[in-house]
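# Structure assessment
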Amino acid sequence: ASLGSSQSCVPLRRLGPSEAMSPRTELESLAKSEEQDVLTIVAALNLPFGIETETEMILPRPVKNDSLHPGLFPTPEGPNEMIWIGSPSDEVVEVQKQDKFAELLRKHHRAVPVWVTPDEKQLFEVGFSASSVWPILHSMIPFARFDPRWYESYVEINQRYATTILAEVERWKEVLDVEVEGDGLEDDEVEGGVELQSTQDPADPTAPSSHPRCSEGQKRQVFVWVHDYHLMLVPEMLKKEDPGLKVVFVLTTPFTPYEIWRVIPQAEKLLNGMVGADLVSFYTYSYLRHFRSSVGRMLRCKPGIGHIDMDGQKTSLQVFPRGMDQSRIEGGLKSEDAARYLQEYNNHYRGKQLVIAIGRLDYSQGLIQMLHAIKRYLDADAERGGGCRRSLYSSSSSAAVAKDSKVEVLQEAVFLVVVSPSHFGSEAEQAHLQEEVNRTIAEINSRHTTTIMGVPVVYVQRDLQVEELVALFARADLCLATPLVDGMNIHAKEFIAVKDPKLPEVTPGLLVLSEFAGAAQELSASYVVNPYDEVVFAETIAEALSQSPSERRDQLAPMRKRVLESDARQWATDVMNAIRKTPVSQETLTFNHADAVELPAECALPFRRGSPGKKLLFLDYDGTLREFVRIPSAAVPSEELKSILRAMKDREDLLVYIVSGRDRDFLSEHFDEYGFTLVAEHGFFVKHPNKEWGQFNPHTEVSWKEEVRPILQLFVRATPGCHLEEKRSALVWHYRNTDEEFGDFKARELVQNLEGSCANLPVEIAHGKKIVEVSSLQVKKGLIVQHFLNFHKENGEEIRPECVVVAGDDRTDESMFSMAWDNTITVKVGDWAETAARYHARSPQQFRAFLKTMLLDVSAAV
């Protein structure tokens, strides 16, 4: 496979049929739905089709990485329809030509224009939307400006959009001879939308009901997608005129905290406008939380975690993180232009490490902060002697991948900063920023330019074609996506998507991502930095550039899988499904505190060297012997723990069992040397000392996974920062890297969904520490403990141990506590919670201290 080959290029992969939703869950998909047929109206600032007034042609607008366009939505099947409403041109369209263009847009593009003059755009779009609302949404108060005329125009244009939408709905009602329930008439209204019934004669080729997909007597529902901050007042305007419409408002920017939002003089009116929708969609839970807080304080209501109830209107609040446009990136990768560009870049940057940063010329992008970090990195690099060590093939190509014959080479880094024009901020603000960027780059280059390597920072000011973009991403060793604030940052996801390890021309690369970008929750395995901390930022650049190709691939692989599965098309589908059926509000679960007491040091006395009899230790690993870390693979035994394990190994009277949820490879790698009995995946696999791994119960049933997996995958897409781990006997939904409050909320929601869906399946659902695990009823840690307590043999003889310790940290360990002998010392490690254990240790550190006391001689003082 290679770039530029439409036949051999490895496509960006979606979930295959066996990995996708089950038939039952597939009913949620718009394209496959057997529910009522749908008419969806998408209202956005601009139509995806533009009018060229000079040629009088209608052409598709250029598709950018954050564009909303028809390709993102499932192709309507059956009688489903989609209509687009928005402005078709930035130029003046003569009034006498507007009807002609409107007819062409409707007939050929299923689009309805909203005519906005350039003067109105200046007030409504450039003024209030871009200069008042946008800076506040991005928490940039100093750049916000307000003018009463701007808001007056904003209200007028929002009303124009609402009127156009309502007129389109009325047109469909008239054509299909449908009336809405509640007007004293006999037609039906269904949950989630206005129900329409077709009786139109299909002879008229321009009538909506005579479209080839329509059929006589076919019922329809109308949903309205209102897109972004330009149209915040539209949902309320629609609901006042037609309460039966189902409306979703989709916000693609951050939402700022209440203390900043209230700076807008019309903040309360804008909130009322958004709350008019049935569903408000955000990219991250922190944005949702800020919105909910503002609504509670300014509109004087008490919102729930996932909904707002106000004056009889219930508004659902949900999180749908947008992905990159997979078809756009895939098309770019397959193009011959991309292959040509990549060859040029490989030749031009041969022997160098290419660091790329792509953004807009506005203060939210953090250009100055990034340049200061680059300067600090180059200063430190010069002190080191220049260049960053990196393992490569002994090949002259910098895109070569290290496998066997590696050599150490020194490569200088070149920083390519590509900046496109911005629509935000005044001309004076942009000019000032441009001057500051130019001055900073000139300072860096004058200090670090060499006659051999050239300038270290290359600055390009223009939009990139997608073919150039994917080629640069394919060549880059590192991507800097470090805005001061950003709703998502699609470029970061595009960079990861391009890094296909199956394409030999693609250089393995890494991502440095701002913690203030919405994508940071999903891409937590990248290098996440605070762009204001230029010291750590510079150190992170150095660390990332020092990674070997294999380390880069390993770090990027799990993120790439998520990026490909949760692309922009999946995002649009998820939002569409949510419009149709908003989830029921979830109740908060409560947990009681336990009666466990603090673990006393005296409990260690019977286990000391010289005490009579055999002693058994059943020990969980994560959260018990070792603290949790952000990346699970990094939670390897510390030197302190290794010394404890070595001391245990030297004790013939101690029999140690590591009973973990980890897989076999991890346990073998880190514990084989100690001669312990290892139990992987909560009891599915067992490995005795000096033996091979074996299945504890060969008759364990796991066919239930096919029904449960789609439910967990649905929650993975809806919860930024979480991931799904599949084991032989269990499926585990991890949410340690999600927003704290939102992760807990979604976990409780998931548990309730699973309890209903899995009632007749042979599974157990456990809500543990930052996990929800569905496992086979035949696999429990407790069964392992019970087995080895009752059937422990040494040299063929059964041995009854003198004393036993069982320690764990979460719900998956409760079966060990409950199935152990009555006199067993059972220890719950971590936060206080409901438990069957007798004792409690506050942390792994405290439990390790207990183990150290246990390993002393019997005569030592407590």
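Residues numbered from 1 in each chain as written. Predicted model: local features only at pLDDT ≥ 70, side-chain atom pairs only at ≥ 80, totals over all residues. Heavy atoms only, no water.

## Digging into the overall build of the protein
Summing up its helical and strand segments, the protein has 24 helices and 34 strands in all. The 862 residues of the protein split such that 58% are buried. If you take every contact in the protein between residues at least 6 apart in sequence, the share linking residues at least 24 apart comes to 71%. (Helix = DSSP H or I, 4+ residues; strand = E, 2+ residues; numbered from the N terminus. Buried < 20%, exposed > 50% of the residue type's maximum accessible area, 1.4 Å probe, protein only. Contact = heavy atoms within 4.5 Å.)

## Quick notes on the side chain of Arg552
Here Arg552 is to be found in helix 16 (residues 549-565). Its relative accessible area of 0% is what places Arg552 among the buried residues. A distance of 3.0 Å separates the side chain of Arg552 from the backbone oxygen of Pro508, its partner in a polar contact. (Polar contact = N/O pair within 3.5 Å; in protein donor to acceptor, adjacent residues only side chain to side chain.)

## Observations regarding the sheet that holds strand 21 (residues 615-619)
Strand order in this open sheet of nine strands is 20-34-33-32-21-22-23-24-25, and the pairing throughout is mixed. In this open sheet, the two strands that pair with only one neighbour each are strand 20 (597-598) and strand 25 (694-695). Here strand 22 (residues 654-659) runs beside strand 23 (residues 677-680); their pairing, made up of three bridges, is parallel. By the bridge assignment for strand 23, Ile658 is matched with Leu678. Sitting on the sheet, helix 19 (residues 664-671) is in contact with strand 22, strand 23 and strand 24 (685-687), with an inclination near 155° to strand 23. (Pairing = 2+ DSSP bridges. Axes fitted to C-alpha atoms, helices over the stretch in contact; angles between N-to-C directions.)

## Observations regarding the confidence of the model for the protein
Residue-level pLDDT values for the protein average 82, and 82% of them are 70 or greater. Low confidence marks residues 389-410, where pLDDT is under 50. Its contacts with residues over four positions away, or in another chain, come to 66 contacts. Of the regions scoring below 50 in pLDDT, residues 583-594 engages in 19 contacts with residues more than four places distant in sequence or in other chains. (pLDDT = per-residue confidence, 0-100.)

## Describing the packing of aromatic side chains
Inspection of the entire model under this criterion finds 26 aromatic pairs. Centroid distance Phe715 to Trp733: 6.4 Å. Interplanar angle 90°. Geometry classified as edge-to-face. Within this pair, whereas Phe715 is found in helix 20 (residues 705-718), its partner Trp733 is found in strand 27 (residues 730-734), the two being separated by 18 residues in sequence. Taken as a pair, Phe715 and Trp733 share a single burial class, namely buried. Sitting over the face of the ring of Tyr341, Arg340 holds its NZ or CZ atom 4.8 Å from the ring centroid. The ring centre of Phe685 lies 3.8 Å from the NZ or CZ of Arg664, which sits over that ring. (Phe/Tyr/Trp six-rings, centres within 6.5 Å; stacked < 30°, edge-to-face > 60°. Lys NZ or Arg CZ within 6 Å of the ring centre and 35° of its normal.)

## Some words on helix 19
An α-helical segment advances 3.6 residues per turn. Residues three or four places apart therefore align on the same side. Every buried residue of helix 19 is listed here: Phe666, Leu667, Ser668, His670 and Phe671. Capping the start of helix 19, Asp663 holds a side-chain oxygen 3.3 Å from the backbone nitrogen of Asp665, two or three residues further along.

## Some remarks on unusual backbone geometry
It is generally the case that most residues other than glycine have a negative phi and that most peptide bonds are trans. Not every positive phi belongs to a glycine, and Arg110 is a case in point at roughly 50°. Turning to its location among the elements, Arg110 is positioned in the loop between helix 2 (95-109) and strand 5 (111-113).

## Focus: the nonpolar core
If you look at the biggest cluster of nonpolar residues, it comprises 175 residues, and the most contacted ones within it are Trp225, Met232, Trp261 and Leu480. The dominant element in this core, judged by the number of residues it contributes, is helix 4 (residues 148-176), at ten residues. When residues no more than four places from it in sequence are discounted, the contact partners of Trp225 are Ile41, Val42, Ala43, Leu68, Phe73, Val248, Val250, Trp571, Ala572, Val575, Met576 and Ile579. (Core = buried A, V, L, I, M, F, W, Y, C linked by side-chain atoms within 4.5 Å.)

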